[in-house]
Amino acid sequence: MKRALVTGAAGFLGSHLCDKLLANNIAVIGMDNLITGSMSNIAHLQENINFSFVNHDVCEYIDIDGELDFILHFASPASPIDYLKIPIQTLKVGALGTHNVLGLARAKNARILVASTSEIYGDPLIHPQTEDYFGNVNTIGPRGVYDEAKRYLESITMAYHRYHGVDTRIVRIFNTYGPRMRLNDGRVIPAFMGQALRGEDLTVFGDGSQTRSFCFVDDEIEGIYRLLMSDYHLPVNIGNPDEITILDFAKEIIHLTGTDQKIVFKPLPKNDPLQRKPDITKAIEIIKWQPQVGRSEGMKKTFAYFNSLSQKELKKVEHREFSSFKN
Ligand code: UDP
């Protein structure tokens, strides 16, 4: 049986990735320091003899006994609210953590896939974003800690590939949603769903004309898995190109949840990208992947998940600090 290490295994994407690998008969060691992840995301795996969990911060030396075939590096805060609160950890996990997992991949002769992001394009000046676009990032802005950490992650990964011959893959993940998203992670889908379920107004930032393109988690994971199994070393966008304005999205959620909440407008956070949509030509050509789940189907499944949370869970919400976005 092949064996994989998943860092960030207790996170939203990491936990779904563990499920996917196990379903494909790959044994998994899940690693997480639980800063933003939660054991509840992997509770269903505790009895699985092919799964084990290690509570460890990947910024420290990683010691794994035995052989490893794959490493999937998904440890990182990924929400603007998180990287504002823990900016140094965000930078460290992208830099020191990535260095450690690449060193481990080299020592074990393992194939490694690292999680990059559409954030490396910053507030993009070309639309949709193709992989050969270099991006428009404010290095010293509030989001810079995440964007630059992930840009460094890509650079060091390519350096390990070119200099040490490590077998690397880089996925650029666009906005992804689905069950196990943290209700209080501040991102737009849990924020709107939580607000609708608590009977609060939906907070649209700016005038809501900024766009995003949301990919259902099952599609995202399938794309990542196919990339892992391919032999392609350069970055590949994985996301759903179906673009929508945040204002229209808020209206869709009000309709979906059957509530009659109002929309209220709040200041647009600093450096909030005005538009985002992946060009997925490469994914279609190289790994024969494109999303299968439309937004209405995916959002219904996601709503069912949030709706199943207890009232106590629903109340554990953190509001974004608008002032800290404006520095
Ligand atoms: N947003 C919003 N209201 C909220 C949370 C987010 O209008 O309560 C907006 C945010 O300003 C951004 C978009 O929704 O334009 C997506 O934000 P998110 O934090 O989900 O992720 P991002 O794509 O910015 O990393």
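Each remark here, short or long, concerns the structure printed above.
If you're wondering where the values come from, they're calculated on a predicted model, not measured in any experiment. (Residues numbered from 1 in each chain as written. Predicted model: local features only at pLDDT ≥ 70, side-chain atom pairs only at ≥ 80, totals over all residues. Heavy atoms only, no water.)

(A) Structural view of the packing of aromatic side chains. Counted by the stated rule, this structure contains seven aromatic pairs. Consider the rings of Tyr83 and Tyr146, whose centres lie 4.4 Å apart with planes at 10°: the pair is stacked. Here Tyr83, found in helix H2 (residues 80-85), pairs with Tyr146, found in helix H4 (residues 144-164); they are 63 residues apart in sequence, far enough to count as distant. Using a relative accessible area of 2% as the deciding quantity, one classes Tyr83 as buried. Relative to Phe174, the ring of Tyr121 has its centre 6.1 Å away and its plane inclined at 40°; by these criteria the two rings are tilted. Of the two residues, Tyr121 sits in the loop between strand S5 (111-117) and H4 while Phe174 sits in the loop between strand S6 (168-173) and strand S7 (176-177), which places them 53 residues apart along the sequence. As far as the burial class goes, Tyr121 and Phe174 line up, both buried. Chaining the aromatic ring pairs together yields one cluster made of Tyr121, Tyr133 and Phe174. (Phe/Tyr/Trp six-rings, centres within 6.5 Å; stacked < 30°, edge-to-face > 60°. Helix = DSSP H or I, 4+ residues; strand = E, 2+ residues; numbered from the N terminus. Buried < 20%, exposed > 50% of the residue type's maximum accessible area, 1.4 Å probe, protein only.)

(B) Structural view of empty space enclosed by the protein. All told, the structure shown has one cavity of 30 Å³ or more when counted by the stated rule. What the largest cavity holds in volume is close to 60 Å³. Looking at the largest cavity, the residues that line it are Asn175, Thr176, Tyr177, Met181, Arg187, Val188, Ile189, Pro190 and Phe214. When contributions to the lining of the largest cavity are tallied by element, the ones reaching two or more residues are S7 and helix H5 (188-198). Considering each element in turn, the lining of the largest cavity owes the most residues, three residues, to H5. When the residues that make up the lining of the largest cavity are grouped by side-chain class, the tally is six nonpolar, two polar and one charged. (1 Å grid on protein atoms, 1.4 Å probe; cavity = no way out; pocket = protein on both sides within 12 Å on 5 of 7 lines; lining within 4 Å. Points joined across faces, edges and corners; volume = space filled by probe spheres on them. Nonpolar A, V, L, I, M, F, W, Y, C, P; charged D, E, K, R; others polar.)

(C) Expanded view of the nonpolar core. In terms of nonpolar packing, the biggest core is built from 60 residues, with Leu21, Leu72 and Phe74 touching the most fellow members. Apart from the residues within four sequence positions on either side, Leu21 is in contact with Ala4, Val6, Ile26, Val28, Leu72, Tyr225 and Leu228. Formed by 24 residues, the second largest nonpolar core is a distinct cluster that contains Ile29, Leu68, Val93 and Tyr160. (Core = buried A, V, L, I, M, F, W, Y, C linked by side-chain atoms within 4.5 Å. Contact = heavy atoms within 4.5 Å.)

(D) Local environment of the packing of H5 against helix H7 (residues 246-257). Running from N to C, H5 and H7 cross one another at 40°; their axes reach a closest spacing of 10 Å. Our classification of the angle between H5 and H7 gives oblique. Pair H5 / H7 crosses with right-handed handedness. When H5 is examined against H7, the residues Val188, Ile189, Phe192, Met193 and Ala196 are found in contact with a partner set consisting of Ile246, Phe249, Ala250, Ile253, Leu256 and Thr257. (Axes fitted to C-alpha atoms, helices over the stretch in contact; angles between N-to-C directions. Parallel < 35°, antiparallel > 145°, perpendicular 65-115°, else oblique. Left-handed = near helix turned anticlockwise from the far one by under 90°.)

(E) Structural view of the pattern of salt bridges. Taken as a whole and judged by the stated rule, the model has 16 salt bridges. One salt bridge connects Glu222 with Arg226, and the closest N-O pair in it is separated by 2.8 Å. Placement of both Glu222 and Arg226 in helix H6 (residues 217-229) is noted, with a separation of four residues, approximately one turn of the helix. Glu222 gets classed as partly exposed once you look at its relative accessible area, which sits at 24%. Exposure remark for Arg226: the relative accessible area of 31% places this residue in the partly exposed category. (Salt bridge = Lys/Arg side-chain N within 4 Å of Asp/Glu carboxyl O.)

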